[in-house]
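Examination of the molecular architecture
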Amino acid sequence: MAESKQKLDAIGTNYVIYRENFANVGEALRRDNVPAVDGVLMDLGVSSPQFDEAERGFSYKETAPLDMASMTSTPAPNTASSRSARLTKRAICI
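Figured I'd write up the structure that's included with this text.

Rules and cut-offs
- Residues numbered from 1 in each chain as written.
- Predicted model: local features only at pLDDT ≥ 70, side-chain atom pairs only at ≥ 80, totals over all residues.
- Heavy atoms only, no water.
- Helix = DSSP H or I, 4+ residues; strand = E, 2+ residues; numbered from the N terminus.
- Buried < 20%, exposed > 50% of the residue type's maximum accessible area, 1.4 Å probe, protein only.
- Salt bridge = Lys/Arg side-chain N within 4 Å of Asp/Glu carboxyl O.
- Patch = residues over 30% accessible without salt bridge, like charges linked within 9 Å, V, L, I, M, F, W, Y side chains within 5 Å.
- Areas by Shrake-Rupley, 256 points an atom, 1.4 Å probe, with all protein chains shown as cover.

Observations regarding the environment of Asp-52
Among the structural elements, Asp-52 can be located in helix α3 (residues 48-52). Judged by relative accessible area, which is 46%, Asp-52 ranks as partly exposed. C-alpha of Asp-52 to C-alpha of Glu-62: the two residues are 10 residues apart in sequence and 8.7 Å apart in space.

Some thoughts on the pattern of salt bridges
Counted by the stated rule, this structure contains 4 salt bridges. Lys-5 is the partner of Asp-9 in a salt bridge, and the nearest nitrogen-oxygen pair spans 2.8 Å. Of this pair, Asp-9 and Lys-5 both sit in helix α1 (residues 2-9), 4 residues apart, roughly one helical turn. Residues Glu-20 and Arg-31 are paired through a salt bridge, measuring 3.5 Å at the closest nitrogen-oxygen approach. Here Glu-20 is found in the loop between α1 and α2 (25-31), whereas its partner Arg-31 is found in helix α2, with 11 residues between them in sequence. We classify Glu-20 as partly exposed; its relative accessible area is 28%.

Regarding unusual backbone geometry
Even without being glycine, Asn-33 reaches a positive phi, approximately 55°. Looking at where Asn-33 falls in the secondary structure, it is placed in the loop between α2 and α3. Given the relative accessible area of 67%, Asn-33 is considered exposed.

Here's the deal with a nonpolar patch on the surface
Together, Phe-22, Val-25, Val-37, Val-40, Met-42 and Leu-44 make up a nonpolar patch on the protein surface, roughly 570 Å² of accessible area in all. Position of Leu-44 among the secondary structure elements: in the loop between α2 and α3.

Put into structure tokens, the structure is as follows:
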């Protein structure tokens, strides 16, 4: 988010960054008394640093725990590794 903020600051300051589940966007806007928006920029995927930094749990190149959590500021108690460990091989392959 810091990298995105830096890039957005270079072109203007008329924006607000929310770290929310997409399902909560309306609630977040109401909470901040935002009656309308002119546009929305959403992060809908993964970024190169998520694949390049093995400790983030997305790496295909390095051996590391399978985490796959996008947010690194708080520990993820329910990682991809812990979820897949509870599944049968059949459930994973389906």
